[in-house]
Structure formats: C-alpha cells, structure tokens
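# Analysis of the macromolecular model
If you want the building blocks of each chain, they are given just below.
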Amino acid sequence: MKKLMLGNEAVARGLYEAGVKLVSSYPGTPSTEVTEAVAKYDEVYAEWAPNEKVALEVALGAAIGGGRSFCGMKHVGLNVAADPLFITSYTGINGGMVIGVADDPGMHSSQNEQDSRHYARAAKLPIVEPSDSGECLEFTKLAYKYSEEFDTPFILRLNTRVSHSQSLVETSDRIEYEVKPYEKSAAKHVMMPANARGRHVVVEERLEALSKFACDCPFNKVIDNNTKLGIITSGPSFVYALEAFGDSASYLKLGLVYPFADELIKEFASKYERVIVIEELDAFIEEHCKAIGLNVEGKNLLPNIGEFSQELIAEKLLGKKAEFVSLDENIPVRPPVLCPGCPHRGIFYIFKKLGLYVSGDIGCYTLGAAAPLSAMDTTLCMGASISALHGYNKIRGEENKSVAVIGDSTFMHSGMTGLANITYNKGNSTVVIVDNSITGMTGHQQNPCTGFTLKGEPVHGIMLENIARAAGVADEHIRIVDPNNLKEVEKVLKEELNSNTPSVIICRKPCALLKYVKHNPPVSVDTDKCIGCKACMKIGCPCISIVNGKAKIDATLCVGCGLCPQMCPKDAIK
Amino acid sequence: MGKNIMIVGVGGQGSLLASRILGNAVMLEGYDVKVSEVHGMSQRGGSVVTYVKFGEKVASPVICKGEADIIMSFELLEAARWVSYLKKGGTIITNTQQINPMPVITGAAEYPSELVEKMQAKGVNVIAADALSIAREAGSEKAVNVALIGLMSHALGFDRETLVKAIKMSVPEKFLELNMKAFELGEQVAPAGNSRVISLQQLLAVSQNELTENKKQEVST
C-alpha cells in the first residue's frame, strides 16, 4: 500500500522492514524523526543516547554482537561520533550497520553547513544518498544487505529537504533475521597496532571491491535521453535538476556516492558533449571527476554555499529568470523567538542587566542572543559554553562577570566534561544550567535527566546537582533557583559570581510547551496605571506590544508566567 | 491538472494539520504528491512555510518564486512576505489576523498597512477573511486551519466529497463536527466563481434570516 511519509519516517520504516534490532541516536534537526518513528515499532529496541559518540558505539557493539543496528544524528553530531566512526571501518561489523547522518544545506537549524560526504572518504566507508522518501526506504534496506555482504557499516546521508519532505512510499512486511553467532576475534575487534595494521589492508581491499560494485549496483542509475548535455548528480540535487531540465538532459544519478563508480562515471561522461556535476555544498563528486581526467563543469557555475532549488539551477545553467510579483513594501522579518512562558527568558534579562560575558551553547536558549535580550557572546558547539568559558577566564580573569549557560540535555551531551575540567584545573567560573526537563529545540525528546526513556518507560532520572557535586563543586555553591523569580535569580547569580570557587546554578522549570505544565490565567494591563515606560518590553515577550502608548498583552498567547508583572514599576500588570 | 500550493504562517499556528488534509485529499484524487515542511528552529514563533505539490509526477519538493498556484496564509504579513512565490494569475487565501513580529514589538519596524489592497493593486487575486472568527464561531480557535481549507476549497477545484473525506481522515473523531462546521463556514464565506468574500457577520445574518423565514413558513403551513 502506498503511504505519504516523511523521508525520516521512510528511513524508520526501512529499518523496521530490514529487521533492525537496535537503534541508538542523539536528537538533532533534521535527523530526529527517524528515531522517534522507529521507536513506535515494538520489534525494534530504540534509545536516546546522551551523545552521538555513545550512540555510534552502542550501535557498533550491537553489530559486533550479531544484530542489525542503526544510529542517527545530524551532520555536526558526526563530528562528535568521528572517533568510533573511523574504527568501524577497521573492525567491520557482523550484523549489518547503518549510520544515518542528516546534513543541513541552507542552515535551517544548524551552526554550520559542513558536507558529511568527506567523512565517508576520510573513514573509507561507503555512503549512500537518497533523493526522496521512496529511496529513503529502499536505500536503507539495501544498505543492510550490502553492509553484511562487504562487512562494513554504510553511511546513509540525508538532508533537510529529503528528511522533512513527504512523498509516496510503498511499504512491505518486516523480515526478521536471527542474531548472528558471535565469534571472538582479537585480530578483527581489538584495534591495537599489531591488529590494526592487518585490518588496514582489509579496509583498502574492501574499498576497491566496493568501487567495482558501485559500477553495477542498485543505488546508481543512468537516464539517457539522447541529449548533448549529461548531468552527474545525487540526492536532492537530482530532483531539482530533473525539474529544471526535464528530458532535455541525460542523468547519472549516484545513489552510492562513495567509493566512486569510476568506470560508470567515465562511460557516462564519454557519451555527452558537455557534462555538468550538480551537487549541493562542496565539489565532492566534481573534484573526483577531474582527478580521473574528465572534463566536467560544476562549481564554476553553481555555488558551494546554501541550498539548491530548480529555480537556482534554471537561473545559473539555463539563464532563466523567474517571473514574479513583488510588493514595494518593507516586510519586517519574523525571526524565531523564545515562546510565551519560556523559562529561559528571565535569566537572559538578568544577564543583560548585569552586563555579563555569556558563553552560550546549543538549544532553544541560544535565542537569548536575539534582540531585545541580546545576552550571548558566543555559541560554538555542543558543550563548549563551559569549556570555552574556562579558557576565557584563564586569559582574562573575569570570573566575577562571566557565565556559561547550557541546557540539561546539552550538559549531559558534553557539558559535564567541561565542568570536570574547571574543578580539576582550579577554575572558579560560574555555570548556569537551564534545566527545562526536556530536549526542547529538537521537539521534546527525553534525556538522562528527564526520568523517561525514548519508549516512554519511567527510569531514575540523573540529578544535575549530583553530577555537579561529583565533579567537585561544593554543596553551598550548587544553587537551585526558579528562573521566573527574577529577584532570586539576580541575588543568587551575584553571590556566585563573587565567590572564589566554581559554582553551578540550576534554573529549574519545565518547558512551557510540555503537556503536563499547567498555565496561569493571562495577565492584563491596567491602562490607568501604565505610564508607557516600556520596562515590560525588555524581556522580549511576543505577547506584549505598545498600543497607543500603553502596554497591551495578547490574552490568546499569554500563559501567565509572571515575568512581566515583576518588570512593571507601577504595578500595572496583574 | 496539478497544482503547487504553499501554506505559510507563524510557527505554532497549526499549518501541519492543513498540509496533512491537503496531502490526503490529493492522494484520494490519485495524484503523485510531495509535501515539504519546516521543523526545528523556525518553529519557535518564526515565519514558517510548507509546500504541497501534486500532479502526474512530482520531482522537486520545493516551490520557487513565481511557481505557486495558491498561497494559503494563516497571517496577513506572511501572505505579503511570500507573494513573490505566486504564479501569474495565482490566488492568495489569507487570514486577516495580524501577529506582530519581534521587530514590530520592539518598535524597530512597523506592521505595514493595507496589505490586502496593496497585493490586489499588483493584480493578485486575494481572498481575505477573518478565519479566526470563523473558527471561533465553529467552536474553537484551533479550527482556523480547517476554516482556511474551507476558504480555499473553490480555488482548489477538487470534488467537495474529496475534501470532506480528507478532513475525516486527518482530524480525530471527537473534533470532527467542529472542524466540519469550520470548513462549511469557510466555503460559504468564499463562494465559488469570484474572489468576493462575504463577511462572517453577513453570512450569519443571512442564515439567521433564513432560519426565521423557515420558521415563518413552518408556522404558516
């Protein structure tokens, strides 16, 4: 039966149908829904790991143990998981293994635009790239088959458009595979120099076998339209090219992007007068084509920045300009904002009020960087708020006017090692953990602190204060505050900034969007009392605006968090 | 026949249900379809857009400038933001609700005035109605997405039965009556054949009169 499915849901369906036994992932847009969707199948064990390195190692352990396994992450997550990634190539697997990684060209919700294909080449692993949901399911299943045939993990490269577009998918039943027998083999699984030297030979031989396989494999296809122009492409670029050129070009669509199908590529290129490589981000395929002596074009015509579309390809390659209506009007931008009632809002107001250097991190609270709060100096990568603050303070000695701010899930991901570094190396920085009891930005995933697993089973949640204590922060400098009590937040923050010892302040209040959170009735403005001073506007709440010189609160949006009444000098908000 | 439809609005307004209903309707009509959504960062009160493309065979899931047959907007400023994506002769169906973006809230920018008129002056077909009041009349503000589907129904050109079936497939049983009412009010506010919109108040007054007429007849017979 045909079903309309997100690319991510189709991958999950592929995992289910391929008889995958274990999934371990860390959430990250645009990859998250693969793991959420696969968790709904009772036959598959699925979990959220605290970070991508852990997830990949769990999946590798399961594969060595003989079961088919998967781990999913966004592109930057693969940086975190790079250490085990490179080793999987040497050890090989036993049960099939696929590593799903979702790139984000255009940076819809990411801090960079890196191209994951380079990892495949660097780690010497095969990488497949689907173009739509149908291929997401098909390629996932095929990847397991060939993973076991070639004794290697496959990387499945997704992308925002493929992950988050729905198209029609033909589903079938699950095939159950018995867990394969495990045979002890130090030469294959114990990667110390003597053994690894032997395995490197296997890696190179396997790569050669895979590049022969690539020339005649079900992932790659040629569409010959008897044209002068030939296009070499892959992933979502294929559908954009198809829409722009239709049958006025011929196509080599690479589903297995690396290792390169040299003979297939050469044969294709020889048939057409002009050959253009159309690929988003880096010139990965193009540079290889040139290296094997082919006269191809690509990045001389197309950008290596941002997302492609049929419009961009038609403009750059066919010189077509889109015709459209435009208004002679300045349309104000609508950037994302902290939600009404967000427990992160107040703390950023206090940071700004105190003029602190704020070492930020990755999560909803990164929006504290936006106006009018504008209270963030750096956002680097997961966990860096704490470690980078330590470095900043070692150089500048500004412990009394700087903080790190990090969420509960990000702290568990890679913040706690930074905290251990501070206590171990005689730092005395102040770390603020904004604990909203969920992984918020990616759409509410459980984490080791929340007390529930991915499958919704209750567990003993890890207490952040216990980690701080274990890391060596003194009890009296582990403070737990209600982030919506501005006076308390300010008082505690000042005390800890001025102490000459490491401190951890846990701002604990669940995300306002969680279903179990009860809201208060909306507040309103007494216009007789309001003097129009705009003090309430400083917290950047989307519910508050100034109408005819007085504050007005949108009762349909307000959840009565109680922050703005604390801002009003005239007690006009009730 | 195939169409490119964009659903635009502010993160959190419920465009996901609207795209699910459209997706189901298109499948019932037997077309190939692709739906492209936005997740993650931009959901947090930011500007959001969903593409729904259908036809014999759909390649790219995205809609570019000058390619949309219909833009359905949950918010007036968002309709204006995406107007350049409309095809010549295309139609915008928009809720007249205004939600101030942060630059307007902070006073850094102003919410532009008379956007419907300005779009019409550029030759765009605009069906603008207070979908929020329609949804409220039907029983819940949350039904604004289905009210907009109702407003769009004639421009879409599907069998009415297809849309009704798609709504039934997409909304939970207990909210069906409410959503069907929102759909029906929407389709009556934007009747077929022209872009003339009847205000909800007018519509309700008319049906009130009809009711009274019927009662009079009942009494007289």
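A brief report on the enclosed structure follows.

Basis of the calculations
- Residues numbered from 1 in each chain as written.
- Chains lettered and ligands numbered in written order.
- Predicted model: local features only at pLDDT ≥ 70, side-chain atom pairs only at ≥ 80, totals over all residues.
- Heavy atoms only, no water.
- Contact = heavy atoms within 4.5 Å.
- Buried area = accessible area lost by both parts, 1.4 Å probe.
- Salt bridge = Lys/Arg side-chain N within 4 Å of Asp/Glu carboxyl O.
- Core = buried A, V, L, I, M, F, W, Y, C linked by side-chain atoms within 4.5 Å.
- Buried < 20%, exposed > 50% of the residue type's maximum accessible area, 1.4 Å probe, protein only.
- Helix = DSSP H or I, 4+ residues; strand = E, 2+ residues; numbered from the N terminus.
- Domains from an automatic or database assignment.
- Pairing = 2+ DSSP bridges.
- Axes fitted to C-alpha atoms, helices over the stretch in contact; angles between N-to-C directions.
- Parallel < 35°, antiparallel > 145°, perpendicular 65-115°, else oblique.
- Left-handed = near helix turned anticlockwise from the far one by under 90°.
- Nonpolar A, V, L, I, M, F, W, Y, C, P; charged D, E, K, R; others polar.
- 1 Å grid on protein atoms, 1.4 Å probe; cavity = no way out; pocket = protein on both sides within 12 Å on 5 of 7 lines; lining within 4 Å.
- Points joined across faces, edges and corners; volume = space filled by probe spheres on them.
- Phe/Tyr/Trp six-rings, centres within 6.5 Å; stacked < 30°, edge-to-face > 60°.

## Quick notes on the interface of chain A and chain B
Listed by partner, the interface residues are 53 residues for chain A and 53 residues for chain B. Taken together, both faces of the contact between chain A and chain B bury some 4,400 Å²; the carbon and sulfur share is 63%. Of all residues in chain A, the largest losses of buried area upon contact with chain B belong to Val325, Leu327 and Arg334 of chain A, amounting jointly to 18% of the total for that side. At the surface where chain A touches chain B, the tally comes to 6 salt bridges.

## Re the nonpolar core
All names here are of chain A. Residues Leu15, Phe70, Leu85, Phe154, Phe219, Ile232 and Ile285 are the most contacted members of the largest nonpolar core, which totals 84 residues. Looking at which element gives the most residues to this core, the answer is helix α7 (residues 133-150), with 8 residues. Per-domain counts for this core show at least three residues from each of domain 1 (2-214) and domain 2 (221-318). What Phe154 contacts, discounting residues up to four positions off in sequence, is Met97, Val98, Ile99, Pro126, Val128, Ala143, Tyr146, Ser147, Leu210, Phe219 and Leu256. Grouped together as the second largest cluster of nonpolar side chains are 67 residues, Leu356, Ile386, Cys507 and Cys543 included.

## Considering the sheet that holds strand β3 (residues 47-55) of chain B
The strand order β1(A)-β8(A)-β2(B)-β3(B)-β1(B)-β4(B)-β5(B)-β6(B) describes an open sheet built from 8 strands, whose pairing is mixed. Each edge of the open sheet carries a strand with a single partner, namely β1 (2-6) of chain A together with β6 (125-129) of chain B. On average, each strand axis in the sheet is inclined to that of its neighbour by 20°, with strand direction left out of account. As paired strands, strand β8 (residues 165-170) of chain A and strand β2 (residues 32-36) of chain B are joined by 3 bridges and run antiparallel to one another.

## Section: helix α11 (residues 235-245) of chain A
Residue and element names in this part refer to chain A. Extensive coverage of α11 is indicated by the burial of 9 of its 11 residues. Among all positions of α11, only Gly235, Pro236, Ser237, Phe238, Val239, Tyr240, Ala241, Ala244 and Phe245 are buried. Looking one or two places after α11, you find Gly246, whose phi comes out positive at around 55°.

## Re unusual backbone geometry
All names here are of chain A. The step from Thr29 to Pro30 runs through a cis peptide bond, and the omega angle for that step is 10°. Looking at the element boundaries, Pro30 is found in the loop between β2 (22-25) and α2 (32-38). Positive phi, normally seen in glycine, also occurs at Lys124, with a value near 60°. Summarising the element assignment, Lys124 is placed in the loop between α6 (117-123) and β6 (127-128). Using a relative accessible area of 26% as the deciding quantity, one classes Lys124 as partly exposed.

## Overview of the packing of helix α1 (residues 7-17) of chain A against α7 of chain A
All names here are of chain A. Two numbers describe how α1 lies on α7: the axes approach to 8 Å, and their chain directions differ by 30°. One finds that α1 runs roughly parallel with respect to α7. Seen from above, α1 lies across α7 with right-handed handedness. The residues of α7 that touch α1, namely those facing Gly7, Ala10, Val11, Arg13, Gly14, Leu15 and Glu17, are Ser133, Cys136, Leu137, Thr140, Lys141 and Tyr144. Classifying every residue of the contact of α1 with α7 gives 6 nonpolar, 4 polar and 3 charged.

## Observations concerning empty space enclosed by the protein
The final tally for this structure, using the stated rule, is 7 cavities of 30 Å³ or more. Estimated volume of the largest cavity: approximately 140 Å³. Cys339, Cys342, Cys364 and Cys511 of chain A together with Arg44 of chain B are, among the 15 residues lining the largest cavity, the residues nearest its centre. Here the residues of the lining of the largest cavity are counted per class, giving 10 nonpolar, 4 polar and 1 charged.

## Thoughts on the sheet that holds strand β13 (residues 274-278) of chain A
All names here are of chain A. In spatial order, the strands read β9-β11-β10-β13; together these 4 strands make up an open sheet with mixed pairing. In this open sheet, the two edge strands, each paired with only one partner strand, are β9 (221-223) and β13. Neighbour to neighbour, the strand axes of the sheet diverge by 15° on average, direction disregarded. Bridge count between strand β10 (residues 229-233) and β13: 5 bridges; the pairing is parallel.

## Here's the deal with the packing of aromatic side chains
Here the structure, examined in full by the defined rule, presents 17 aromatic pairs over all chains. Arranged with centres 5.8 Å apart and planes meeting at 85°, the rings of Phe238 of chain A and Tyr251 of chain A form a pair that is edge-to-face. Taken together, the residues Phe238 of chain A in helix α11 and Tyr251 of chain A in strand β11 (residues 250-253) connect sequence positions 13 residues apart. Pairing Trp82 of chain B with Tyr85 of chain B gives two aromatic rings, centres 5.2 Å apart and planes at 65°, and the pair type is edge-to-face. When sorted by exposure, Trp82 of chain B lands in the same class as Tyr85 of chain B, which is buried.

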